[in-house]
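Understanding the architecture of this molecule
Residue strings, one per chain:
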Amino acid sequence: MTATLPLLTSDAVWSIGAPRLLAGLDRTPRLGVAAHHATHGPLPAVGLDRLLVLLDGAGLTGRGGAGFPLAAKLRSLRGGRPVVIVNGSESEPASRKDRTLMRHAPHLVLDGALTVADAIGARQVIVAAHDVQAADSVEHAVRERNLHRRVQVTLTDPAFVAGEARALLRALAGGPALPPGQRAISTHEGLLVSNVETFAQTAVLVRAGGPGFARTGTRDEPGTALLTVGGALARPGVVEIPLGTPLGIVLQAAGAHATAFVVAGGYHGTWLRPYPDVPVSRAGLKAAGATLGAGVLYALDDSTCALGELTRVAHWLADQSARQCGPCRFGLPALAADLTMVYDGRPQALPLAERHANHVVGRGACAHPDGASRFVKSGLAVLGEEIRAHQHGGCGRPILGQLPLGASS
């Protein structure tokens, strides 16, 4: 069962099965406070112990890419004055699920953030977003509930690496929106940072309870997830799915036709063949050699040059680097140049690209080189036929830009 929901932008918002995070958007494009309460009902008050039991039972992990368990973050908090930070700096150009929540269901995000804040005794909640419409929507929701003394909405830098949690914290402290070299643990400083969908899922969980939350999804990964789907699809947009839904069903519902490759997890994610039986969940995609990452699925069909698409994104990732360390300053540009040579059909370029991709792993000041390497290496691994075609004069297909670059609106 699929249900089309209206959106204030040109993208579609829809669901496979009954929506939870997107509930109510079939009746209105944005849930104000009255519509939110009518749709979701009252928010139960839960203490820290109860919240941890719920989070442990649901296995709720961060939905921003890293997939770190929220309960583990709560247990690692130190310091006397904790602060809850909602990371809505969705700078991944292939993703728009978090801004969709902030634009259209902002009260659900606030519910989750305030639930966590109350449980840990945090007096302040900061919602950070680089999308102006999303920030305005959350700000309006704050005014609707008279929360301005407790909730602060902040506009952030839209650069790719600026969305990384440590870069966001550095920017909020008045510094540049770049990841610091040291890998400090933010929770040890009393800062609880998680992404928008994670807090919205928390609000769903405390209302539904453990058994209710687990009525959909898989045994190991109960609940739903938001995906940004795009590329060669008739129905791009944001879709809510039960975790474990087969990839073929998601692609079919999104209007895919003759899909040749899928990019999963965004541009720090992975390429894979569109095997229809792969479950769309963290465990299911991991077993297929892929990652759910930032909740992105982009389809490429046989009308575009997939190797050219990979090369475009590799150059963009090099341009987006923080340029604070050798892997970012030199390694990623060299890797992008290697891919250009692979695209041009130079046979010696492939082993060079693979070597450069391996050399940047684990050496960066942040996770950007590792993510870019994973994206490139997985692409090279599945594009063998494309690479061979380019070594013999090219594939004959144009580069259509089915993978977007830059911030989307």
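Residues numbered from 1 in each chain as written. Predicted model: local features only at pLDDT ≥ 70, side-chain atom pairs only at ≥ 80, totals over all residues. Heavy atoms only, no water.

1. So, the overall build of the protein chain
The condition that has to hold: Here a helix means four or more residues in a row that DSSP labels H or I, a strand means two or more in a row labelled E, and each is numbered from the N terminus. Should any heavy atoms of two residues lie within 4.5 Å, those residues are considered in contact. Per-residue and other accessible areas were derived by the Shrake-Rupley procedure at a 1.4 Å probe size, with only the shown protein chains allowed to occlude residues. His is not counted here, nor are the chain ends, while Lys and Arg score as positive and Asp and Glu score as negative. In plain terms, the charge of a residue is placed at NZ if it is Lys, CZ if Arg, CG if Asp and CD if Glu.
When helices and strands are tallied, the protein chain shows 15 helices and 13 strands. Taken over the C-alpha atoms alone, the protein chain extends approximately 65 × 45 × 35 Å along its principal axes. Contacts in the protein chain between residues far apart in sequence, at least 24 positions, make up 72% of those at least 6 positions apart. Roughly 16,200 Å² of accessible area belongs to the protein chain as shown, and the carbon and sulfur atoms make up 53% of that amount. Across the protein chain, 38 positive and 31 negative side-chain charges occur, with their mean positions spaced 6 Å apart.

2. A word on the pairing of strand β7 (residues 224-231)
Our working definition: Any residue under 20% of the maximum accessible area for its type is buried, any over 50% is exposed, and the rest in between are partly exposed; the area is computed with a 1.4 Å probe on protein chains only. When DSSP finds at least two bridges between two strands, those strands are taken to pair.
Extensive coverage of β7 is indicated by the burial of seven of its eight residues. As judged from the six bridges shared by β7 and strand β8 (residues 237-242), these two strands associate in the antiparallel manner. Across the sheet, Leu226 pairs through a bridge with Glu240, a residue of β8. Counting the residues that bridge the hairpin from β7 to β8 gives five residues.

3. Things to note about the sheet that holds strand β5 (residues 151-155)
Here is the rule: Every axis corresponds to a line fitted to the C-alpha atoms, with the helix fit spanning only the stretch in contact, and the corresponding angles, defined between N-to-C directions, vary from 0 to 180 degrees.
Reading across the sheet, the four strands line up as β5-β4-β3-β6 and stay open at both edges, with parallel pairing between neighbours. Only two strands of the sheet have a single neighbouring strand rather than two, namely β5 and β6 (191-195). Each strand of the sheet is rotated relative to its neighbour by a mean of 20 degrees, with strand direction disregarded. As defined by bridge partners, strand β3 (residues 83-88) adjoins β6 across five bridges and the pair is classed as parallel. For Val83, the partnering residue across the bridge sits in β6 and is Leu191. In the packing of helix α8 (residues 196-213) onto the sheet, contacts are made with β3 and β6, and the angle to β6 comes to roughly 90 degrees.

4. Notes on the nonpolar core
For the record, the criterion: In this text, buried Ala, Val, Leu, Ile, Met, Phe, Trp, Tyr and Cys residues form a nonpolar core when linked through side-chain atoms within 4.5 Å.
Grouped together as the largest cluster of nonpolar side chains are 53 residues, with contacts concentrated most on Leu74, Val84, Val125 and Val127. Per element, the largest residue contribution to this core is nine residues, and it comes from helix α5 (residues 106-120). If near-sequence neighbours (up to four positions away) are discounted, Val125 is found in contact with Val84, Val86, Ala113, Leu114, Ala117, Arg150, Val151 and Gln152.

5. A short note on the state of the cysteines
Test applied: We call a pair of cysteine sulfur atoms a disulfide whenever their separation is within 2.5 Å.
Inspection of the entire model under this criterion finds zero disulfides. Free of any disulfide, Cys366 has its nearest neighbouring cysteine sulfur in Cys328, separated by 5.0 Å.

6. Focus: the pairing of β6
Extensive coverage of β6 is indicated by the burial of five of its five residues. Burial along β6 is two-sided: the face carrying Leu191, Val193 and Asn195 and the face carrying Leu192 and Ser194 are both buried.

7. Some remarks on α8
Applicable threshold: Multiplying 1.5 Å by the helix residue count minus one yields the expected span of that helix. Here the bend at a residue means the angle between the axes of two seven-residue stretches, the one that ends at it and the one that starts at it.
Its 18 residues place the ends of α8 only 18 Å apart at the C-alpha level, less than the 26 Å of an ideal helix rising 1.5 Å per residue. A bend of about 75 degrees at Arg207 is the largest found in α8, and the proline Pro211 appears one to four places after it. Burial of α8 is extensive: 15 of the 18 residues sit out of reach of the surface.

8. A short note on unusual backbone geometry
With the exception of glycine, most residues fall at negative phi, and the peptide bonds are largely trans. Backbone geometry places Asn146, a non-glycine residue, at a positive phi of 55 degrees. Structurally, Asn146 is set in the loop between α6 (132-144) and β5. Positive phi values are uncommon outside glycine, yet Ala258 reaches one of about 55 degrees. Along the polypeptide, Ala258 turns up in the loop between α9 (247-253) and β10 (259-264).

9. A closer look at the pattern of salt bridges
Think of it this way: side chains of opposite charge can pair up when their charged atoms draw near. We apply this condition: A carboxyl oxygen of Asp or Glu within 4 Å of a side-chain nitrogen of Lys or Arg is what we treat as a salt bridge.
Under the defined criterion, the tally for this structure stands at 14 salt bridges. Among the ionic pairs, Arg75 bridges to Asp56, the shortest N-O distance being 2.7 Å. Of this pair, Arg75 sits in helix α3 (residues 70-75) while Asp56 sits in helix α2 (residues 48-58); the two residues are 19 residues apart in sequence, bridging distant segments of the chain. Given a relative accessible area of 47%, Arg75 falls into the partly exposed group. A salt bridge links Arg145 to Asp111; the nearest nitrogen and oxygen atoms lie 2.9 Å apart. Of this pair, Arg145 sits in the loop between α6 and β5 while Asp111 is found in helix α5, placing the two residues 34 residues apart along the sequence. The exposure class of Asp111 is buried, given its relative accessible area of 2%.

10. Here's the deal with the environment of Val138
Along the chain, Val138 falls in helix α6. With 184 residues separating them along the chain, Val138 and Ala322 place their C-alpha atoms 29 Å apart.

11. A few points about the packing of aromatic side chains
This is how the line gets drawn: Aromatic rings from Phe, Tyr and Trp, with only the six-membered ring used for Trp, were paired whenever their centres fell within 6.5 Å, and each pair was classed as stacked if the ring planes differed by under 30 degrees, edge-to-face if by over 60, and tilted otherwise.
Inspection of the entire model under this criterion finds five aromatic pairs. For the ring pair Phe261 and Trp271, a centre distance of 6.3 Å and an interplane angle of 65 degrees mean the geometry is edge-to-face. Note that Phe261 is positioned in strand β10 and Trp271 in strand β11 (residues 270-272), a separation of ten residues in sequence. Each of the two residues, Phe261 as well as Trp271, counts as buried. Relative to Phe375, the ring of Trp271 has its centre 5.9 Å away and its plane inclined at 55 degrees; by these criteria the two rings are tilted. Of this pair, Trp271 sits in strand β11 while Phe375 sits in helix α14 (residues 368-382), and the two are 104 residues apart along the sequence.

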